[in-house]
Every structure is written in structure tokens, then in C-alpha cells.
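Structure at a glance
The lines below spell out each chain.
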Amino acid sequence: MAALGKLSQALLRSSLGQTRRQLSATAGHGEQASRTWKILSFVVALPGVAVCMLNMYLKEQQHSHEQPEFIPYSHLRLRTKRFPWGDGNHSLFHNEHLNALPDGYEGHDE
């Protein structure tokens with residue numbers, strides 16, 4: 001049993017020594033790799049994000065901003081109790097253009 005312990009310690013010491021030598025040999029590689037990724041970030045990633053933002057902005061400009069048709073479904077816009085703010089009928093982040101009340105959109109008589 002003692003022989004097995006000595007053998008495992010010898011193998012562990014030799015593997016640790018090899019690992020240390022490999023790490024010290026590649027210390028310069030880390031600087032080059034970080035420089036490469038920094039350059040790629042500025043040359044590829046940032047322009048890619050800018051192109052995506054431009055694409056979204058242009059598509060939004062072509063998008064029509066019409067109010068969706070109000071359909072009074074019975075399972076939507078249920079009010080079992082009043083909201084604790086305002087008049088109790090509007091949600092906290094209510095948008096008059098997009099969020100309908102139970103009886104329809106505000107300001108439209110249909």
C-alpha cells in the first residue's frame with residue numbers, strides 16, 4: 001500500500017511540474033490572444049451591433065403605427081377588483097394607443 005502511495009505522489013509531482021512548464025511557456029500567448037479578441041470586438045462585434053440597430057430603426061420607420069382593431073373578447077381585460085392607483089381602471093403602465101380598456105380604446109366612439 002505504501003508503494004502505491006509513493007507511486008501516486010511521484011506521478012502527481014511529475015504532472016504538476018509539466019503543467020507549470022507548459023503554463024510558463026504560454027505566458028506570452030495570453031497577451032496575444034487578448035489583443036486578438038480586443039481587435040475582433042472593435043472590428044467585428046461593434047459594427048455588427050451598429051448594423052443591427054440600423055436595420056431595426058429602418059424597419060420601424062416603415063412600420064405602420066395604426067391602432068389594432070378592438071374586439072371585446074370575454075376572457076380579456078377582466079377587472080375583478082379595481083387597481084390601487086388612479087381611477088382603478090387603467091393599468092400602471094397604461095398606453096392609450098395600445099392598451100384597451102374593457103369597453104374599448106380611449107377617445108374612440110365606435
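Note that the coordinates shown come from a computational prediction; the quantities given were computed from them, not determined experimentally.

1. Brief notes about the overall build of the protein chain
- Regarding its fold elements, the protein chain presents 2 helices and 0 strands.
- With 110 residues in all, the protein chain has 6% of them scored as buried.
- Approximately 10000 Å² of the protein chain is accessible, and the part contributed by carbon and sulfur atoms is 61%.

2. Some words on the environment of Pro-102
- Looking at the element boundaries, Pro-102 is found in the segment after α2 (27-62).
- Taking the C-alpha atoms as reference, Pro-102 lies 7.1 Å from Leu-78; in sequence the two are 24 residues apart.
- Aside from chain neighbours lying at most four places away, what touches Pro-102 is Phe-70, Arg-77, Arg-79 and Asn-89.

3. Some words on a nonpolar patch on the surface
- A contiguous nonpolar surface patch, about 730 Å² in accessible area, is contributed by Trp-37, Ile-39, Leu-40, Phe-42, Val-43, Val-44 and Leu-46.
- Residue position: Ile-39 is located in helix α2.

4. Some points on the packing of aromatic side chains
- Counted under the stated rule, the structure contains 2 aromatic pairs.
- Between Phe-70 and Tyr-105, the ring centres sit 6.0 Å apart and the planes meet at 75 degrees, which makes this aromatic pair edge-to-face. Here the residue Phe-70 occupies a position in the segment after α2, and Tyr-105 occupies one in the segment after α2, the gap between them amounting to 35 residues. In this pair, the class of Phe-70 matches that of Tyr-105, namely buried.
- Taking the centre distance of 5.2 Å and the plane angle of 10 degrees together, the rings of Phe-83 and Trp-85 count as stacked.

What counts and what doesn't
- What you see as residue numbers is a count from 1 along each chain, following the sequence as written.
- A pLDDT threshold of at least 70 governs which residues receive local features in this predicted model, and a stricter bar of 80 or more applies before side-chain atom pairs are shown or counted, although totals over entire chains, interfaces and linings include all residues.
- Excluding hydrogens and water, the side-chain figures rest on all heavy atoms present in the structure.
- Helix numbering and strand numbering both begin at the N terminus, where a helix is a DSSP run of H or I of at least 4 residues and a strand a DSSP run of E of at least 2.
- Each residue is assigned to one of three classes by its accessible area relative to the maximum for its type, calculated with a 1.4 Å probe on protein chains only: buried under 20%, partly exposed between the two thresholds, exposed over 50%.
- With residues, only the protein chains shown are counted as cover, and all accessible areas are computed by Shrake-Rupley using a 1.4 Å probe.
- Only heavy atoms matter for contacts: two residues are in contact if any of them lie within 4.5 Å across the pair.
- Grouping into patches uses exposed residues only, defined as over 30% relative accessible area, and leaves out salt-bridged ones; the cut-off is 9 Å for like charges and 5 Å for nonpolar side chains (Val, Leu, Ile, Met, Phe, Trp, Tyr).
- When a carboxyl oxygen of Asp or Glu lies within 4 Å of a side-chain nitrogen of Lys or Arg, that pair is called a salt bridge.
- In this analysis, rings of Phe, Tyr and Trp, with Trp reduced to its six-membered ring, are considered paired at centre separations within 6.5 Å, and the interplanar angle assigns stacked below 30 degrees, edge-to-face beyond 60, and tilted for intermediate values.

Everything listed here is a matter of coordinates, which is why it stays silent on function.
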